Each structure stands twice: as structure tokens, then as C-alpha cells.
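Chain and residue survey
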Amino acid sequence: MKTSQKFFLLFGLVFAFLVVFSILVYFRILDRYFSRLLLWGAIQSIIAISLNLITGFTGQLSLGQAGFVGLGAYTTAILTTQGWPFLFALLPSLAIAGLAGFLVGWPSLRLRGDYLAIMTLGFGEIIRSLIINLPDLTGGASGFKDIPGFHPDGDLNRLFLFLGIFISFFLVLFLVVNLIRSSYGRAIISVREDEIAARSMGVDIQLVKIGAFTLSALIAGWGGALQAPFLNYLAPSSYDFLKSVDFVVIIVLGGMGSITGTILAAFGLTYLQEWLRFLGDYRMVIYPLLMILMMLFRPQGLMGGREWTLETFIRKKISDSKVGNHG
Amino acid sequence: MDSLLKVEDVSIQFGGLKAVSDFSLDLRSRELVGLIGPNGAGKTTVFNILTGVYLPQTGTILYRDRYERLIHLEGLSPNKITQLGLARTFQNIRLFSNLTVLENVLVSHHFRIQYNWLEAVFRLPRFWQEETRIKEQSLELLEIFGMANLAHQRASQLPYGQQRKLEIVRALATQPRLLLLDEPAAGMNPQETRQLMELIQFIRERFHLTILLIEHDMSLVMGICERILVLDYGRILAEGRPEEVRTNPEVIRAYLGEVSGA
């Protein structure tokens, strides 16, 4: 299939998805609960993709991803409550998160493995303490209340939230997938595979690491910025170490270095948590159990490093139809 | 004759250990020089100094680049040195195992890629042109080594001999002028070693290369090197044409030990 054809097919599919679901969401054909979960899954996916970029593809374990998310969320919350439109608030949110990523990226040049992980963990905790200790700005430990949504009218707000979150989701996907499948992506992966060899092949690994950290933080901040109008209320506990670990769990389950795996796991775990509600507190046992089983039987994650692409489905379809013709 | 690389009195010390002391080397353009010595003599350390992995504590390394400029290599980062035209292979294979054979070679093109990351994200024409160009070039190079049919295999799935070859292909893809081969024949059987010798001769002619190689296999070293440097305890023990080095009593002593009472 030609590249241009593929592009139009994908674009058409995304457009159709947005139109169909806009209608389903706006006219409440999808129940409120289900559509909330769908949107939350998309936000989780965006953040998990950002973590996969730095940890799965670049090979730098980040345990402070929730810190970047928090920066994006609180910046947007502060600005939109002061009357800024969301799109204008989004830009500084991305800039602040990206800048934080850039700063965290610097020490990453000298730190490896566990040491880097501890450093990013420390960063995440700094952000959480800042949120708690700046009550005038952030509402402190009691949280940030009454963040405006996208529109005062409930139905329109739901529609705009859906569009805003899913357009962001597809944009992030477009950005990360195209970057990974280019020379820049190969350079990023070469740093994960073998830093010494990458350097000897002329790859500027410092630039790669700082660039990857910056972009990853920026995308995480984007996910955070979407949380503010979606939740209308932010709590500092949503940006602590345990939340960072949640995203690590998602990419480990989905497969390090697999975007499709990340998305599957992000939506899957979002729904799983809800389906298991009937178990009460016991559902907290299921989650780690799943993790243990996964490590025992499929340590490379759901997808390993592989991806589902359009071709995967089309080729399957063609071979199916060929079999059908012969039979 | 023009010298391509002039190393003078380079020394490096790790803790109390003098790994390399007063190492000097004058590599003329298009020369093929062997660096030999017993285990732990400091051969790989010399490579690591030349390629910027270690910073020498004393001494200078002068390199004449494509435009005839003289450049000090000490203190430059490894990627910068590769960009200037020095490429290397590794003694313990360091391929990008989870990438395909072709992708391994493509990584070497990254530092001179002609599109920026935004052009990549938006798939602008320059992206497609460049990707096509570097893929064709890489496949051509793989073809020369008889590996084009393996292009889409994962590097980790290749047999050992092919992995060694891919190390050389990947280094060549950076378009070097000076190629440093760190034990290219390690683990190869005599037949593979013979083929490798022919291959080294061939790429030297084809790509107008200057080659410095570390090797333990004496048939290879004596067979193709024009000049040999013998390193022992970080010092140059002897230097000269293969036949001179082979009969040098100091060298024999370093390799075989002293004959007592002789």
C-alpha cells in the first residue's frame, strides 16, 4: 500500500472515530460513566506514552513522571481559574513541564540506571512538596477546587472534553510514532541498546537524552493539562511517587518500547479497576497479582517491543480472504 | 608522506596502574598497521584514548581531517571524533541487538541526516528523500559484505561471524578515513579468518582507508599488516615490519617468557 493511501486511510479512520463518538457522547447514547472512563483512559495513555518514550525507547528509567503531569495540571488549573481560555493555558503548561524535563535531563547525562531512577523520584517528590506547601497558589493539601471545564453547558462541555482529549491523544500518537520511526527514533533506541556503541557511531547521546527527557516531560504535562478541566479538582496525592509507579506498571504490562501495548494497557487497566469494584478492597490484590503473573509468563509485556499497525490488520484481512477463495 | 594521525607521548593512569605510557604513533595515509601485545598490554586502552572514551593525562593526538586541517583529538567527545572520520569496532560485540541489521547500519547515518525532527514528525519531502537515500546506501554496503539478504533480521539473531562483520559494516557506514578494528578475528575459525583478511584488504582499497587493528591471530597480523607495533605493560616494546617484529628477541620474550639459564 502506498504511503499516501495509508495516511488518508488512517486520517479517515481517526476522523470517523471522532465524529461517531462525538455523536454518541453528545446525545448521551454512551452512558456518562462509560464515556468518563474512555476519556480517563485516553489521558492515562498520553502520560504512559510519554513515559514509554523516555523509559521504553530511550532506556532511562523515570520514577518522577507524575511530577511532570502535576506541573502541567496545576499550571492549567491556575491559569484557567483566572479566566484564561484552555488553549492559551495549555502552552505555558507544556512549556513549564518541558523546561522541568530539560532540567532533569541534565543530571541524567552523568547518572545511570538506579541512580537516575532515584534522582527522578526525588524530582517527583519536590513537585509534590511544592504543591502542598504553596497553598495560596495550589490550594495546598486540601486540593485545587472549582477548576472550570471547557464550557458551562453540561452537554457541550462533555463534547468539548471528548474532542479536546481525543484530539490531543491522536496528536501525541502522531508526534511520537513518527518521531520514533525516523532517524531520530533510531538514535533514541540506539542509546537504549548500547550507549557506548551509539556514541562511537556518531550519535550525540547527550542531545538525545536531553531531547527525549524534554519531549517526554512536555507530553506528560499535556496529559496533566487535560486532567484539570476533566476532573475540575486536583489533589496533590494524584502526583506522588505511587502515581509515577502506576505509569511504570502500565508500560511494563503493555511492553516497553511498544506504543500499541502502552495504549492497550492504559485503557485495559483503567477499565479493570472499575470492573473489579464489586470485589471491594480485594481488587487491590488483583493488580499486583496480575503484575506477578505477567512477570512470570510474559516478562516482555503484552506486546513485547512489537506494534500493531494498519498493515498488520490489512495483511491479515487479505490472507484471510485468499484462504476463503481457495476454500 | 602525509601523516593522518600523529600520537605523541600519550599516557594514562588508572589509580596506581599505568595502563599506557609514552605511546607514540605516526599513521600515514592508507597504511595498514597492527597493534599487538600480550593480554592486558593496553591495546584496547589505546583505542579508547584515540576514540575519545578516555582522556589521556599527557600527550597529544593530532589528526588531519578531510580538509587538511590539523585537529587535536584529545578532549573531544567520541561522537565528535567519529564525525571527523575515525570509526571503530568493538572487541566484545556491541551491536544494537533489538534493531534489525539494516537499522544498525542506519544509525551510523544519523549524525549527517539532512532533515530535522519536525520534518520527520510531519513527514515532509526531505524526510522521504533522505530515508530513501540512506536506506539505499546502507543496503549497498550490506550487499558488498554479502549481507543484504539479512537486512531485516534482528542483529541478535545473526550467527557470530556475521555479527562481527556487521560491526565492521556499521563502522564503515559512518564513512571513516581511519578505521580502528579491535580484534576483528576473535572467535573465528581459520577459514573465516582468511576470508576476513581478504575483506579487510578489499575495504581498504575500496574505501581508501587507513586501518589500525588489534589482533591476537598472528597469521592475520603477519599476513596483512605493513607495520606492527608491539605493546607490553603499556609501553611500545618494538615497532617495524612483520618480519622484523617476528624475530625481535624482546617480543619473543614478552610473549613466551624468558628461557631460564639461556
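Thresholds applied
- Residues numbered from 1 in each chain as written.
- Chains lettered and ligands numbered in written order.
- Predicted model: local features only at pLDDT ≥ 70, side-chain atom pairs only at ≥ 80, totals over all residues.
- Buried ≥ 20, exposed ≤ 12 C-beta atoms within 10 Å, placed from the backbone.
- Helix = DSSP H or I, 4+ residues; strand = E, 2+ residues; numbered from the N terminus.
- Pairing = 2+ DSSP bridges.
- Axes fitted to C-alpha atoms, helices over the stretch in contact; angles between N-to-C directions.
- Contact = placed C-beta atoms within 7 Å.
- Nonpolar A, V, L, I, M, F, W, Y, C, P; charged D, E, K, R; others polar.
- Domains from an automatic or database assignment.

**As for the pairing of strand 9 (residues 227–232) of chain B**
All names here are of chain B. Among the six residues that make up strand 9, five are buried, leaving the element largely enclosed by the rest of the structure. Pairing analysis gives five bridges linking strand 9 to strand 10 (residues 235–240), with the strands arranged antiparallel. Residue pairing in the sheet places Asp232 in a bridge with Arg235 of strand 10. Linking two consecutive strands that pair antiparallel, namely strand 9 and strand 10, is a turn of two residues; a positive phi of about 50° is found at Tyr233 within it.

**Topic: the sheet that holds strand 6 (residues 86–88) of chain B**
All names here are of chain B. Taken together, the six strands give an open sheet; going across it, the order is 6-7-8-3-9-10, and neighbouring strands pair in mixed fashion. A strand with exactly one partner marks an edge of an open sheet, and here the two such strands are strand 6 and strand 10. Shown here is a sheet whose adjacent strand axes are inclined to one another by a mean of 20°, direction ignored. Sheet contacts for helix 10 (residues 249–256): strand 9 and strand 10; angle to strand 10, the most-contacted strand, approximately 130°.

**Points about the interface of chain A and chain B**
Contact with chain A, which involves 22 residues of that partner, is made by 27 residues of chain B. Looking at the side of chain A that touches chain B, the elements with two or more residues in it are helix 7 (154–180), helix 8 (183–193) and helix 9 (195–200) of chain A. Top contributing element to the side of chain A that touches chain B by residue count: helix 8 of chain A, with seven residues. Its residues placed into classes, the side of chain A that touches chain B shows 10 nonpolar, seven polar and five charged.

**Some details on helix 1 (residues 43–50) of chain B**
Residues and elements named next belong to chain B. With seven of its eight residues buried, helix 1 lies for the most part within the structure. Taken residue by residue, helix 1 has Lys43, Thr45, Val46, Phe47, Asn48, Ile49 and Leu50 as its buried positions. Remark: Gly52 follows helix 1 within two positions and exhibits a positive phi of approximately 90°.

**Thoughts on the domain arrangement of chain B**
Residues and elements named next belong to chain B. Domain boundaries assigned for chain B yield domain 1 (3–91 + 158–256) and domain 2 (99–153). Taken together, the 11 residues of domain 1 in the interface contact 13 residues of domain 2. Residue classes in the side of domain 1 that touches domain 2 are distributed as five nonpolar, four polar and two charged.

**Some words on the pairing of strand 2 (residues 17–28) of chain B**
All names here are of chain B. Sheet topology note: the strand 1 (residues 3–14)/strand 2 ladder contains eight bridges and is antiparallel. Within strand 2, the position partnered with Val10 by the bridge is Phe23. Counting the residues between successive antiparallel strands, the hairpin from strand 1 to strand 2 contains two residues, one of them, Gly15, with a positive phi of roughly 60°.

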